[in-house]
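# Structural overview for review
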Amino acid sequence: MININENFLDLQDSYLFSTIAKKVAKFQEENPNKKVIKLGIGDVTLPLAKNCVEAMKLAAEDLSRKETFMGYGPEQGYDFLRSKILEYDYKSRGIDIDIDEIFVSDGAKCDTGNIVDIFSKDNRVAITDPVYPVYIDTNTMSGRAGKYNELTGKYENIIYIPCTAENNFEPELPTEKPDIIYLCFPNNPTGTVLDRSQLKKWVDYAKECKAIILYDSAYEAFITEDNIPHSIYEIEGAKDVAIEFRSFSKTAGFTGVRCGYVVIPKRLNGYTKNGESISLNKLWNRRTCTKFNGVSYITQKGAEAVYSEEGQKQINKNIDYYKENARIIKKGLEEAGYTIFGAVNAPYIWLKLPDNVKSWDFFDKLLNEVQIVGTPGVGFGPGGEGYFRLTAFGNREDTIEAMNRIKNWQ
Ligand code: MLT
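What comes next is a walk through the structure. (Residues numbered from 1 in each chain as written. Predicted model: local features only at pLDDT ≥ 70, side-chain atom pairs only at ≥ 80, totals over all residues. Heavy atoms only, no water.)

Once the charged atoms of two side chains with opposite charge are near each other, the side chains can pair. Under the counting rule described, the total for this entry stands at 30 salt bridges. Salt-bridge contacts for Glu304 lead to Lys84; the nearest nitrogen and oxygen are separated by 3.3 Å. Of this pair, Glu304 sits in helix α9 (residues 297–305) while Lys84 sits in helix α3 (residues 79–90), and the two are 220 residues apart along the sequence. The partly exposed category is assigned to Lys84, whose relative accessible area is 24%. Across the salt bridge formed by Lys273 and Asp122, the nearest N and O atoms sit 3.5 Å from each other. Of this pair, Lys273 sits in the loop between β11 (269–271) and β12 (277–279) while Asp122 sits in the loop between α4 (108–114) and β3 (125–129), and the two are 151 residues apart along the sequence. Of the two residues, Lys273 and Asp122, neither departs from the other in class, the shared state being exposed. Connected through salt bridges with shared partners, the residues Lys35, Asp398, Glu401 and Arg405 form a single ionic network. (Salt bridge = Lys/Arg side-chain N within 4 Å of Asp/Glu carboxyl O. Helix = DSSP H or I, 4+ residues; strand = E, 2+ residues; numbered from the N terminus. Buried < 20%, exposed > 50% of the residue type's maximum accessible area, 1.4 Å probe, protein only.)

This is the structure:
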């Protein structure tokens, strides 16, 4: 008899964005003549930068010739891409990392989900609440979350760190001691950020607890303010305590192409039960070589093109477009009388719902009455109840129309 991994039974019924997609599909089926504007999942809408497309075409040509054909690539990624990442994303900010500390992957969702493989089941996990659901779900699957409590909306073994308007979205150091701490800044879903001194507190705390910070900086390209760090390694001591996740999805429109990377400093250690310290870089490398055959050559050539002069110009143009959408949404919602957060250093706008309205009720009302799709805050955890997320990744006309619909809505 085949036994299943029963941890899966502790998951909520369906992944947040699949639930939303189903609800929207049902509405559209029942109302074929209504134009629905989707500002729910953070998926990009602008076409890829021409430079990336050209590079991928050339890469496909390489594969068509005997002399330039490529089979399996290095599991960790080609050095032509890793060296660009090193130079442009780190050295340019004064951060010194080595090329073999970078692992190219098929995206931050997979990396943040897969990383749990190298940690003990007994580790206590701390997350900010609300949070990107992948962090919770993958720890549930691997048995670290414990049972779900319907009343509180929390898993019994997870340490929830509230991030709400009451504490200005700055997570406080928890009273219970965690081993693994997830931080995502600019934050998904709230769009809020931590400045250097706020992030330094977490680095020092992790050091003190011998904990690790899993730092998701997938949205760093949307930072507009100078005092906000783009990488956790801008903070002194972070290389001793943090793994960083990055993605080309939002930065270069690769949500469908799939490419990202994770940085694991070689001096970063975990411990055995006997207290022996073990390199996490080595463990991840071992896992990667066993379970992954690398990102396709074509994709990595496309990602490399992001760093060319022309590529940088093109992706920045797209990022500016989304930033302008964020400003339009912020202004539109404020004019409509809502209190909003985020939007300045992130492509997400976090809306406080008035009169204790519940997030899913607002979702239904917004879809049924003005045909706009957003993401209910509670879908990101109990701390998101009473909030609602809109993304700046829509196209301009839809974004403007959505704001007009909301302003004219009663
Ligand atoms: C989101 O909407 O939160 C993101 O698009 C999800 C993701 O990047 O996987």
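Strand pairing in a sheet relies on backbone hydrogen bonds. The paired strands run either parallel or antiparallel. In spatial order, the strands read β2-β10-β9-β8-β7-β3-β6; together these 7 strands make up an open sheet with mixed pairing. This sheet does not close on itself; its edge strands, each paired only once, are β2 (102–105) and β6 (158–162). When strand polarity is set aside, the average angle formed by the axes of neighbouring strands in this sheet is 20°. In this sheet, strand β9 (residues 242–247) lies alongside strand β8 (residues 212–216) in parallel orientation, the contact comprising 4 bridges. Within the sheet, the bridge partner assigned to Leu214 lies in β9 and is Ile243. Its contacts with the sheet put α3 on β2, β9 and β10 (260–263), and the angle it makes with β2 is roughly 115°. (Pairing = 2+ DSSP bridges. Axes fitted to C-alpha atoms, helices over the stretch in contact; angles between N-to-C directions. Contact = heavy atoms within 4.5 Å.)

The subject of this paragraph is the site of the ligand. Neighbouring the ligand are Phe17, Ile41, Gly42, Tyr132, Asn188, Tyr219, Lys250, Tyr348 and Arg389. With respect to the ligand, the side chain of Asn188 contributes an N or O atom lying 2.9 Å from an oxygen atom. In the environment of the ligand, an oxygen atom lies 2.9 Å from a nitrogen or oxygen atom belonging to the side chain of Lys250. Relative to its free-state accessible area of 270 Å², the ligand is covered by the protein chains to the extent of 86%. Taken together, the residues that form the shell around the ligand break down as 5 nonpolar, 2 polar and 2 charged. Here the shell around the ligand spans two domains, since at least three of its residues come from each of domain 1 (6–47 + 310–409) and domain 2 (54–308). (Near = heavy atom within 4 Å. Polar contact = N/O pair within 3.5 Å; in protein donor to acceptor, adjacent residues only side chain to side chain. Areas by Shrake-Rupley, 256 points an atom, 1.4 Å probe, with all protein chains shown as cover. Nonpolar A, V, L, I, M, F, W, Y, C, P; charged D, E, K, R; others polar. Domains from an automatic or database assignment.)

On to α3, then. Every buried residue of α3 is accounted for by Leu81, Arg82, Ile85, Leu86, Asp89 and Tyr90. Buried residues along α3 cover an arc of 140° about the axis, so they all sit on one side. Of the surrounding secondary structure, the elements contacted by the buried residues of α3 are β2, β9, β10 and α9. (Arc of directions from axis to C-beta.)

Scanning the entire structure with this criterion turns up 28 aromatic pairs. With a centroid separation of 5.4 Å and 40° between ring planes, the pair formed by Tyr88 and Tyr307 is classed as tilted. Separated by 219 residues along the polypeptide, Tyr88 in helix α3 and Tyr307 in the loop between α9 and α10 (309–335) bring together distant segments of the chain. Residue Tyr88 is classed as partly exposed on the basis of its relative accessible area of 34%. (Phe/Tyr/Trp six-rings, centres within 6.5 Å; stacked < 30°, edge-to-face > 60°.)

All we've got here are geometric facts, nothing functional implied.
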